[in-house]
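Spelled out from the first residue to the last, the chains are:
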Amino acid sequence: MYDVLVLGSGIAGLTTALHAAARGMSVLVLTKGELSHSATRYAQGGVAAALEDPDSPDLHLADTLVAGAGLCDTDAVRVLVDEGPTRVRELAAVGAVFDTERADDGEAHLLLAREGGHSLARVVHAGGDRTGAEIERALVAALHRVDVEVREGWFALELLIERGRCTGVLALDPAGEPHYVRALDTVLATGGAGQCYAVTTNPTLSTGDGIALALRAGVACADLEFVQFHPTALHDPRMPRPLLSEALRGEGAVLRDDTGDPFMLREHALADLAPRDVVSRAVARRMRATATDHVWLDATMIDDFPRRFPTIWAACREAGLDPSHDWLPVAPAAHYMSGGVVADLKGATSLPRLWACGETACSGVHGANRLASNSLLDGLVFGARVVDAIAAGKTEAEPTGAMAGILDVAPEPRVVDDPVVLPKAEPADPAALRGAIQRVMTHDCGVERDAPGLRVASETLADLSALSGDLPPRQIPTYEAMNLARVARAIIANATAREESRGAHTRVDFPDPSDELLGRFVITADDEPRFVPLPEPALRRAAR
Ligand SMILES: Cc1cc2nc3c(=O)[nH]c(=O)nc-3n(C[C@H](O)[C@H](O)[C@H](O)COP(=O)(O)OP(=O)(O)OC[C@H]3O[C@@H](n4cnc5c(N)ncnc54)[C@H](O)[C@@H]3O)c2cc1C
């Protein structure tokens, strides 16, 4: 029996583990791949934090609220922007080397980049565009210096629930044998669900496992309809799609359609630096209008491209493109899950002694649309908060942050005495199931949605979910495909219920935002979204 069981080894899981170890807790990190395998290590642009004048947490808060399109929880964002700078400095102290420049006074200063939706430069980065790789390296190295047990290649299958609280997980070991792994507190830090889509920047491990575990056990999840699509993934058959970071547009790169028209100038006052959802929709519309499957990113004006953006440079060169001379073909790709397992301001979920942080969680900081480079920060800030709360003896959620109003509608979590439907040993291909889910989600529940498409998606997913009983048992790809189906069904249910367009969720049949839908759709085991309005003060703020 461990004090803390951490599921996942990205920025959120490793931050949690390091903080817990620093407080003398016994910690087990259980992760389905190698320790360093995560979406974190793919992050390019950086970490947003108000580190120095003229920036301030208030400005960062204001930008985050604008991007979140009325659905951010302001208290959660306040926590993020106030505690963010300390956590970023802590990360540097742990060993992450961020890019700096030497100023006239001889001192090294952090180099700050500006990204879409940010009113000024506040994004710290490492190795140019290798920020996530550097953070993951530093956190893994730090973990090796402390007393934390790690199990690589272990897959969390189901939450264990006894006497109304989480007591650990049922997990498969690398040989496919199931084990009960018990802990006083369990932390879901299993990342996002971009693999629900055929075109995604997320690595193959981003299969929404933590969200699926929570959904099956009746733990409240919300905001799943808000899947952020990155507007500029390189149009190339590789999976995951190489991402052409927003930082390129921060340095002056311009989107053009097939005729060379810089169409974003007409779409938004911030043109190419408009929020991601605006840019993704504009690109999708432009692709339809010009009957093409991509538009172009003209980054030919960027000086010193290979040194400033080495990863992107290499990805382009691999595709036979020279960013200094060629326009780069780009299209929107599923990138970030703004919703997830609902967590209060301390990371507590609706199931006592189960916590969630990072992309798996719905902490309320992203609302209907994440502001660029706020997600690494989210993992850092809330990973540390979870440990503070556990150390303070907290065991249950309070109605704070995204949890406000939700405990009242969340059902009693179920005892999972019959863990995942164990598949029959018949030949069926988990990769084929994954592919089928990805195709229908991309086609019918993608950047733009409508009722007929969502109906098709829902029916197809019901048929596909029925196939899961035929998959080979005790293999990670099987359970990943089943989890993708589970999460995809919840995304579709929430997208169907939200009859408005807001943030990252665009309904062509309901093109405007609706004041009546200022709230979260909460979904649990029964696939029936329940609407929970934002609390009164937030509604008043949104109305202003
Ligand atoms: C290409 C790309 C670029 C990005 N750029 C930026 C950026 O510049 N700035 C920014 O803020 N954000 C960026 N993001 C988003 C950001 O990287 C992620 O949101 C963040 O890293 C998520 O961290 P996490 O710790 O929550 O999850 P992850 O880093 O995804 O880690 C999840 C961990 O859980 C493990 N796991 C999953 N399921 C199970 C299971 N069933 N059992 C056991 N272990 C499991 C995985 O193996 C993994 O170790 C980017 C994302 C991508 C894909």
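Parameters and conventions
Each chain carries its own residue numbering, running from 1 in the written order of its sequence. Only residues with pLDDT of at least 70 are given local features in this predicted model, and only at 80 or more are side-chain atom pairs given and counted; all residues enter the totals for whole chains, interfaces and linings. Computation of side-chain values: all heavy atoms of the structure, hydrogens and water removed. Elements are defined by DSSP. Helices are runs of H or I of four residues or more, strands are runs of E of two residues or more, and each kind is numbered from the N terminus. When we talk radius of gyration, it's over C-alpha atoms, and the globule rule is simply 2.2 Å times the number of residues to the 0.38. Buried residues are those whose accessible area, probed at 1.4 Å on protein chains only, stays under 20% of the maximum for their type, while exposed residues exceed 50% and partly exposed ones sit between those limits. Contacts are residue-level and defined by heavy atoms, with any inter-residue pair within 4.5 Å sufficient. Exposure was quantified through the Shrake-Rupley algorithm and a 1.4 Å probe, taking into account, for residues, occlusion by the shown protein chains and nothing else. Strand pairing is assigned whenever DSSP detects at least two bridges linking the two strands. Every axis in this analysis is a line fitted to C-alpha atoms, fitted for helices over the stretch in contact. Angles between the N-to-C directions lie between 0 and 180 degrees. Using protein atoms alone on a 1 Å grid, points that fit a 1.4 Å probe yet trap it form a cavity, whereas open point sets bounded by protein on both sides within 12 Å along at least five of seven lines form a pocket; residues with an atom within 4 Å of a point count as lining. Grid points are joined across faces, edges and corners, and a volume is the space filled by probe spheres set on the points. Three classes are used: nonpolar for Ala, Val, Leu, Ile, Met, Phe, Trp, Tyr, Cys and Pro, charged for Asp, Glu, Lys and Arg, and polar for all others, with Gly counted as polar. A molecule or strand has a residue near it when one of that residue's heavy atoms lies within 4 Å. N or O atoms closer than or at 3.5 Å make up a polar contact, with two conditions inside protein: a donor-capable atom paired with an acceptor-capable one, and, for residues adjacent in sequence, both atoms drawn from side chains. Take the number of residues in a helix, subtract one, and multiply by 1.5 Å to get its expected span. Centres within 6.5 Å make a pair out of two Phe, Tyr or Trp rings, where for Trp the six-membered ring is used; the pair is then stacked when the planes are under 30 degrees apart, edge-to-face when over 60, and tilted otherwise. Lysine NZ or arginine CZ positioned within 6 Å of the ring centre and within 35 degrees of the ring normal marks a charge as sitting over the ring.

Engineer: Can you lay out the overall build of the protein chain for me, pointing to particular residues and giving the numbers?
Structural biologist: The helix and strand tally for the protein chain stands at 15 helices and 23 strands. Against the compact-globule benchmark of 24 Å for 544 residues, the protein chain has a radius of gyration of 22 Å, which places it among compact chains. On the principal axes, the C-alpha backbone points of the protein chain span a range of 60 × 55 × 50 Å. Residue burial in the protein chain is summarised as follows: out of 544 residues, 61% are buried. Looking at the protein chain alone, contacts between residues at least 24 apart form 72% of all its contacts between residues at least 6 apart. On the protein chain, roughly 19900 Å² of surface is accessible, and the fraction owed to carbon and sulfur atoms is 52%.

Engineer: Residues and numbers for the sheet that holds strand β12 (residues 221-222), please.
Structural biologist: Taken in spatial order, the 5 strands of this open sheet run β19-β17-β12-β22-β23, and their pairing is mixed. One side of each edge strand has no neighbouring strand; the edge strands of this open sheet are β19 (361-362) and β23 (530-533). Across 2 bridges, β12 lies against strand β17 (residues 340-342) in antiparallel orientation. By the bridge assignment for β17, cysteine 221 is matched with valine 341. Against the sheet, helix α5 (residues 209-216) contacts β12, β17 and β22 (519-523), and its axis sits at roughly 50° relative to β17.

Engineer: Please give an account of the layout of surface pockets that cites residues and values.
Structural biologist: There is about 510 Å³ of room inside the second largest pocket. Ala284, Met287, Thr442, Gly446 and Val447 are, among the 19 residues lining the second largest pocket, the residues nearest its centre. If you list the elements that add at least two residues to the lining of the second largest pocket, you get α8 (276-289), β16 (328-337) and α12 (430-444). It is α8 that provides the largest number of residues to the lining of the second largest pocket, a total of 3 residues. When its residues are assigned to classes, the lining of the second largest pocket shows 10 nonpolar, 5 polar and 4 charged.

Engineer: With reference to specific residues and values, describe the site of the ligand.
Structural biologist: As a matter of local geometry, the ligand sits amid 37 residues, with His37, Thr40, Gly46, Glu359 and Ser375 nearest to it. Between the ligand and isoleucine 11, the relevant distance is 3.1 Å, taken from an oxygen atom to a main-chain nitrogen or oxygen of the residue. Separating a nitrogen atom of the ligand from a side-chain N or O atom of arginine 370 is a distance of 3.2 Å. When isolated, the ligand has an accessible area of 1000 Å², and the protein chains bury 98% of it. Among the elements of the structure, α1 (11-22), β2 (27-31), β9 (155-162), β16 and α11 (375-391) are those that each provide at least two residues to the shell around the ligand.

Engineer: Please give an account of the sheet that holds strand β6 (residues 112-113) that cites residues and values.
Structural biologist: The strand order across the open sheet formed by 3 strands is β3-β7-β6, and the pairing between neighbours is antiparallel. The open sheet has two edge strands with one neighbour each: β3 (47-48) and β6. Pairing between β3 and strand β7 (residues 123-124): 2 bridges, direction antiparallel. Across the sheet, alanine 48 pairs through a bridge with valine 123, a residue of β7.

Engineer: Quick one: what's the story with α11, residue by residue and with numbers?
Structural biologist: An α-helical segment advances 3.6 residues per turn. Residues three or four places apart therefore align on the same side. Look at α11: 24 Å from first C-alpha to last across 17 residues, which is about the 24 Å you get at 1.5 Å a residue. Among the 17 residues that make up α11, 15 are buried, leaving the element largely enclosed by the rest of the structure. Where α11 ends, the next residue or the one after it, glycine 393, has phi of about 90°, a positive value.

Engineer: So what's going on with the packing of aromatic side chains? Residues and values would help.
Structural biologist: For the structure on display, the rule yields 5 aromatic pairs. Between phenylalanine 155 and tyrosine 479 the ring centres are 6.3 Å apart and the planes differ by 35°, which places this aromatic pair in the tilted class. Of this pair, phenylalanine 155 sits in strand β9 while tyrosine 479 sits in helix α14 (residues 476-497), and the two are 324 residues apart along the sequence. Like tyrosine 479, phenylalanine 155 is buried. Taken together, Phe305, Phe309 and Trp313 form an aromatic cluster joined through their ring pairs. Over the face of the ring belonging to tyrosine 180 we find arginine 182, whose NZ or CZ atom lies 5.3 Å from the ring centre. Residue placement shows arginine 370 over the ring face of tyrosine 336; its charged tip is 4.4 Å from the ring centre.

Shape descriptors only; they carry no functional weight alone.
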